[in-house]
Amino acid sequence: MLAIIVKRIGNAALVMLVVAFIAFMIFQFLGDPVQLMLNSQATQGDRDALRIRLGLDQPVIMQFFTFVVRALHGDFGVSFRNQREVMSLIAERFPATFELVMVSTVLALLIGIPLGVFAAINPKNLAARMARMVSMIGISVPAFVIGIVLILIFSVQLGWLPAFGRGEVVQFGTWSTGLLTPSGRLALIMPSISLALFQISFVMRLVTAEMLEVLRTDYIKFARARGLPDRSVHFRHALKNCMMPVVTMTGMMIGDLIAFALVTETVFQWPGMGLLFVQAVMFIDIPVMAAYLMIVSVIFITLNTIVDFVYLAVDPRLRQAGSGGGGHVR
Amino acid sequence: MRAAPLPNDRPDTGPVLDIRDLVVEFPTRRGVLTAIRGVSVTVERGEILGIVGESGAGKSLTGAAVIGLLEPPGRIAGGEIRIRGRRIDNLPKRDMMALRGSTIGAIFQDPLTSLNPLLTVGDQLIETIRCHLPLSRAEAAMRAIDLLNEVGIPSAELRLQQYPHQFSGGMRQRVVIALALAGEPDLVVADEPTTALDVSIQAQITALLKRICRDRGTAVMLVTHDMGVIAETADRVAVMYAGRIVEIGPVDDIIRRPQHPYTRGLIGSIPSLVTSHERLVQIDGAMPRLNSMPAGCAFHPRCVLADTRCRSTLPPLLTNGSGLAACWNLAAGNAVEAA
Ligand SMILES: Nc1ncnc2c1ncn2[C@@H]1O[C@H](COP(=O)(O)OP(=O)(O)OP(=O)(O)O)[C@@H](O)[C@H]1O
Ligand code: SF4
Ligand SMILES: [Mg+2]
């Protein structure tokens, strides 16, 4: 068991190193930082001085080493665009995105899983069929369209909810949260719903498909034949066996949303990472882009590792593989 | 709130299971397929009734109808099923659920897939026990250990904590049997309980079934296509062909003196059951499809004794010696045997 955990973490670290190298290469070769940082009147002497100051006279492998050490300290250099520390820019933006994504993911799981189970165990029920129809819409309509429609109705027409921004936030050290103020919570409603609608539909359809599959298995038939009540058959025996793909997909989805919430963030002018990234691309702000790449990768790899661990927690068969204990006994 | 299982004060006379004229249908878009066409059979307390026949004969469907777990759109379209005198084929879903496990137990074919892979054997046993008996978790765990001991699983206490994948196939089938017995059923329907197992383990499982049947007085309906298993385990055997019983009687008599031409073919095709002077018989052809049942005796396209009457009129299941058989030309069959 411990061996498996160590191995997974080792894998994650290795992948991270590869990503760091890619980020470093972008840093190195996507335009000359000296060129980008100095204005056109700078002398050759200025250039050489900067080159030495940035460590660009060192061999590439040394530069990569420095890059990794700095990255580990959260030092990704200075933004070309506004000369601020990249890390503090990201620390400012990350909580907004994280909060938005988490709220919509929790919504998606809380609504999507029960709906999915309901649709699977009552396939002929009218409400279940309606839910499946609506979920088709949720899957096929892009989030920004839903966002715009929501803004038109609830902000422009009814004036109930703010059309943009995060509302008032409370600061905890470097972390900011909108969950603790009324205006912050109001501001979260529309962006998280427009982001969650796809997720809800997706989770629901996934759970339905998996449940239908599991309900056909022998161990479910045998559970019924032993007279176990429907409640236990559906939720204790069947749902648990559907959870693996749901966990996997949720992990991927969270990563996806953090990386690509930018459309929704743009529609709602949400001050998150997506907006930061859009601006970085427009200004060819390479340190920000490199840091963004690294951070998104860290998030994906962390999520993946968490998903692996959830697997281990849920499925005893995986725990045994490689741990050497137990085994078949006749 | 669950409906109570059958009260125990019923007289213990009469069969545990009594099926009369059972008809099972599948409504499909192209019309209704009748898979079971009038099956009548009884199983006594402490008796093992074998049900044998080729693939598609309707053995499993008969078992599923008894457990009340026919897969939709399958439905019981006629006849009745009684357990200890009480009719169960028309019970509401809820009452049927209360009978499952506590009055009727079930064992399925594949022990590798019958157990939930994510729950320990103990969890599955304890849940099932507590579903049928008013016991605390600790008391149920004690019972679970007793059950595992009863089905021959060593170091039961330790085994409770383990997951199904930590058991071998034979051990898993023992767990399945323990689970089927958890609610102390009067009848166990075992559908191909040994088919998925190694030959060496098959014998252990059939011996276990016999012992349980003897010790507990449980009635067992043993569904299999394997005449060898029947010969070893069953007290009586019903031979099914195309949704009907074609012959039924005490196992020894049927194996030694099969009356129906189909039974003779079935037994003749098993080398171990054929004594040296007889020759191995093969039944040519295949069982008819449900949507193209021949008129008269369903076996006539494959029967060497078939005549015009066989092709037009269904032979009734009539007393013949120690059992019953459905064939127009039994006399000829006896003649063959006498020769
Ligand atoms: N869902 C269904 N729809 C239509 N026909 C079905 C369905 N289930 C079973 N049948 C038919 O009912 C007949 C009997 O099936 P059953 O499963 O009882 O056979 P069996 O005797 O148990 O055979 P096997 O040895 O293959 O298990 C078969 O002809 C089969 O095609
Ligand atoms: S009734 Fe006729 S066809 Fe059917 S088994 Fe007997 S002899 Fe053969
Ligand atoms: Mg079968």
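Parameters at a glance
- Residues numbered from 1 in each chain as written.
- Chains lettered and ligands numbered in written order.
- Predicted model: local features only at pLDDT ≥ 70, side-chain atom pairs only at ≥ 80, totals over all residues.
- Heavy atoms only, no water.
- Helix = DSSP H or I, 4+ residues; strand = E, 2+ residues; numbered from the N terminus.
- Buried < 20%, exposed > 50% of the residue type's maximum accessible area, 1.4 Å probe, protein only.
- Contact = heavy atoms within 4.5 Å.
- Areas by Shrake-Rupley, 256 points an atom, 1.4 Å probe, with all protein chains shown as cover.
- Pairing = 2+ DSSP bridges.
- Axes fitted to C-alpha atoms, helices over the stretch in contact; angles between N-to-C directions.
- Parallel < 35°, antiparallel > 145°, perpendicular 65-115°, else oblique.
- Left-handed = near helix turned anticlockwise from the far one by under 90°.
- Near = heavy atom within 4 Å.
- Polar contact = N/O pair within 3.5 Å; in protein donor to acceptor, adjacent residues only side chain to side chain.
- Nonpolar A, V, L, I, M, F, W, Y, C, P; charged D, E, K, R; others polar.
- Buried area = accessible area lost by both parts, 1.4 Å probe.
- Salt bridge = Lys/Arg side-chain N within 4 Å of Asp/Glu carboxyl O.
- Expected span 1.5 Å × (residues − 1).
- Arc of directions from axis to C-beta.

Draft legend 1. Main features of the overall build of chain A. A tally of regular secondary structure across chain A gives 14 helices and two strands. Expressed as lengths along the three principal axes of its C-alpha atoms, the size of chain A is roughly 85 × 65 × 35 Å. Buried residues in chain A amount to 43% of all 330 residues. By sequence separation, contacts in chain A at least 24 residues apart represent 70% of the contacts at least 6 residues apart. On chain A, roughly 17,100 Å² of surface is accessible, and the fraction owed to carbon and sulfur atoms is 70%.

Draft legend 2. Highlighting the sheet that holds strand 1 (residues 17-28) of chain B. Residues and elements named next belong to chain B. Strand order in the open sheet formed by four strands is 2-1-4-5, with antiparallel pairing between adjacent strands. Only two strands of the sheet have a single neighbouring strand rather than two, namely strand 2 (31-43) and strand 5 (86-87). Looking at chain direction, strand 1 and strand 4 (residues 75-83) are connected through seven bridges and run antiparallel. By the bridge assignment, isoleucine 19 is partnered in strand 4 with isoleucine 81. Docked against the sheet, helix 1 (residues 59-67) engages strand 1, strand 2 and strand 4, running at close to 105° with respect to strand 1.

Draft legend 3. Spotlight on the packing of helix 6 (residues 126-140) of chain A against helix 8 (residues 182-215) of chain A. Residues and elements named next belong to chain A. Between helix 6 and helix 8, the least distance of the axes is 8 Å, while the angle of their chain directions is 130°. In this view, helix 6 runs oblique relative to helix 8, as classed from their interaxial angle. Seen from above, helix 6 lies across helix 8 with left-handed handedness. The residues of helix 8 that touch helix 6, namely those facing Ala131, Arg132, Ser135, Met136, Gly138 and Ile139, are Leu197, Phe198, Ser201, Phe202, Met204, Arg205 and Thr208.

Draft legend 4. Focus on the site of ligand 1. Residue and element names in this part refer to chain B. Lining the immediate surroundings of ligand 1 are Phe26, Ala35, Glu54, Ser55, Gly56, Ala57, Gly58, Lys59, Ser60, Leu61, Glu192 and Leu290. Backbone polar atom of glycine 58 to an oxygen atom of ligand 1: 2.9 Å apart, as the coordinates give it. A distance of 2.8 Å separates an oxygen atom of ligand 1 from a polar backbone atom of leucine 61. Bound to the protein, ligand 1 loses 65% of the 640 Å² it would expose on its own. Looking at side-chain class alone, the shell around ligand 1 contains five nonpolar, four polar and three charged residues.

Draft legend 5. The interface of chain B and chain A, seen in detail. Taken together, the contacts link 38 residues of chain B with 27 residues of chain A. Summed over both sides, the interface between chain B and chain A buries roughly 2,800 Å², with carbon and sulfur atoms accounting for 56% of that surface. For the chain B face of the interface with chain A, the top three residues by lost area are Leu118, Glu127 and His165 of chain B, together amounting to 23%. Taken together, the links from chain B to chain A amount to three salt bridges. Between aspartate 230 of chain A and lysine 93 of chain B there is a salt bridge; the shortest N-O distance is 3.1 Å. Taken together, chain B and chain A are joined by eleven residue pairs in polar contact (both at pLDDT 80 or more). Those elements that provide at least two residues to the side of chain B that touches chain A are helix 2 (93-99), strand 6 (104-107), helix 3 (111-114), helix 4 (121-132) and helix 7 (169-181) of chain B. Per-element tally for the side of chain B that touches chain A: the top contributor is helix 4 of chain B, with six residues. The residue inventory of the side of chain B that touches chain A, partitioned by class, reads 18 nonpolar, ten polar and ten charged.

Draft legend 6. Helix 5 (residues 137-150) of chain B, seen in detail. Residue and element names in this part refer to chain B. With 14 residues, helix 5 ought to run about 20 Å at 1.5 Å a step, and its terminal C-alpha atoms sit 20 Å apart, in line with that. Of the positions making up helix 5, those classed as buried are Ala140, Ala141, Ala144, Ile145, Leu147 and Leu148. Down the axis of helix 5, the buried set is contained in an arc of 160°. They therefore lie on one face. Residues Ala138 and Met142 are exposed on helix 5 and point more than 90 degrees away from its buried face. Residues of helix 5 that are buried sit in contact with helix 4, helix 6 (156-160), helix 7 and helix 8 (199-216). Taken from the residues just after helix 5, glycine 152 is the one with a positive phi, measuring 85°.

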